[in-house]
Amino acid sequence: MLNQKEWEDTILENTIKNYYEEYDQSELQKNNYNNFIHHRLHKIIEEESLIEVKINENEYFRISFDNIFVDKPYVIGENRDLRYITPMEARFRELNYSGCIFSNIKTCNVIKDEKGNEIETNQKIYLKKLITKIPIMIQSSKCNLYGKTKEERVYEGECEYDNGGYFIIKGKERALVSQERMNYNIVY
């Protein structure tokens, strides 16, 4: 008969064992990154989507962003053809394994009349324009290996035991160390 402590230890051990049979060690990292790419990034742009630059007392230049899209890592060849790359190619060629962030951009001049009403002039809309690049986590939903079987990943040059969850910057593997910290400069 097990005492309470032994029973709790057995339950905990079985729970952890079952978790790692279903998920790999980097699953938490990949899930957090996927959440950032698919939800948080859109929320950040949504919250700060409008930029206004004051020209004079009654005139502003306004830029707004919407419809964010993150593409998978690719390179553009000598003959200007677009080709998606694998993490192994990024390592060998010492490239950043990064994807492009695109957005629709709307620009206009805003003039305020005597009553305070805004009149938009010179309105232009640019569809799917490159804003910046972002490193892509290996085996995340934006990785070119995502959804491939172990055999397909090995065929692409990856190690069969590689679970991903890291980035490739200038051909080198870089990992983020996740930490949970209490507030700085506060005594507990």
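Note: the structure precedes this text.
Below: a short report on this structure. Source: prediction; values computed, not measured. (Residues numbered from 1 in each chain as written. Predicted model: local features only at pLDDT ≥ 70, side-chain atom pairs only at ≥ 80, totals over all residues. Heavy atoms only, no water.)

**A word on the pattern of salt bridges**
In a structure, side chains of opposite charge can pair up when their charged atoms sit close to one another.
Thinking step 1. If you walk through the whole model with that rule in mind, you get 10 salt bridges.
Thinking step 2. Residues glutamate 57 and lysine 54 are paired through a salt bridge, measuring 3.8 Å at the closest nitrogen-oxygen approach.
Thinking step 3. The class for lysine 54 is partly exposed, based on a relative accessible area of 48%.
Thinking step 4. A salt bridge links arginine 93 to glutamate 89; the shortest N-O distance between them is 2.8 Å.
Thinking step 5. Within this structure, Glu52, Arg62, Lys106, Glu118 and Glu120 form a network of salt bridges that share partners. (Salt bridge = Lys/Arg side-chain N within 4 Å of Asp/Glu carboxyl O. Buried < 20%, exposed > 50% of the residue type's maximum accessible area, 1.4 Å probe, protein only.)

**Focus: a nonpolar patch on the surface**
Thinking step 1. On the surface, Ile76, Leu82 and Tyr84 cluster together into a nonpolar patch covering about 290 Å² of accessible area.
Thinking step 2. Within the secondary structure, isoleucine 76 sits in strand E3 (residues 74-76).
Thinking step 3. We classify isoleucine 76 as partly exposed; its relative accessible area is 45%. (Patch = residues over 30% accessible without salt bridge, like charges linked within 9 Å, V, L, I, M, F, W, Y side chains within 5 Å. Areas by Shrake-Rupley, 256 points an atom, 1.4 Å probe, with all protein chains shown as cover. Helix = DSSP H or I, 4+ residues; strand = E, 2+ residues; numbered from the N terminus.)

**Overview of the side chain of glutamine 139**
Thinking step 1. Note on placement: glutamine 139 falls in the loop between strand E6 (118-135) and helix H4 (150-155).
Thinking step 2. Here the side chain of glutamine 139 touches aspartate 162 through a polar contact of 3.1 Å, landing on its backbone oxygen.
Thinking step 3. Ignoring anything within four residues of it in the chain, the contact list for glutamine 139 reads Lys30, Tyr146, Arg153, Asp162, Asn163 and Gly164. (Polar contact = N/O pair within 3.5 Å; in protein donor to acceptor, adjacent residues only side chain to side chain. Contact = heavy atoms within 4.5 Å.)

**Notes on the sheet that holds E6**
Thinking step 1. Strand order in the open sheet formed by four strands is E1-E2-E5-E6, and the pairing between neighbours is antiparallel. Sheet topology places strand E1 (50-56) and E6 at the edges, where each strand pairs with a single neighbour. Each strand of the sheet is rotated relative to its neighbour by a mean of 20 degrees, with strand direction disregarded.
Thinking step 2. Bridge analysis of E1 against strand E2 (residues 59-70) gives six bridges, and the strand direction is antiparallel. Bridge pairing in E2 links valine 53 to phenylalanine 61.
Thinking step 3. Contacting E2, strand E5 (98-112) and E6, helix H2 (residues 27-47) crosses the sheet at an angle of about 160 degrees to E2. (Pairing = 2+ DSSP bridges. Axes fitted to C-alpha atoms, helices over the stretch in contact; angles between N-to-C directions.)

**A look at unusual backbone geometry**
Thinking step 1. Phi is positive for arginine 80, which is not a glycine, with a value near 65 degrees.
Thinking step 2. Its place among the elements puts arginine 80 in the loop between E3 and strand E4 (82-84).
Thinking step 3. By relative accessible area, which is 66% here, arginine 80 ends up exposed.
Thinking step 4. Positive phi outside glycine occurs at lysine 170, with the angle close to 50 degrees.
Thinking step 5. Relative to the assigned elements, lysine 170 resides in the loop between strand E7 (167-169) and strand E8 (172-174).

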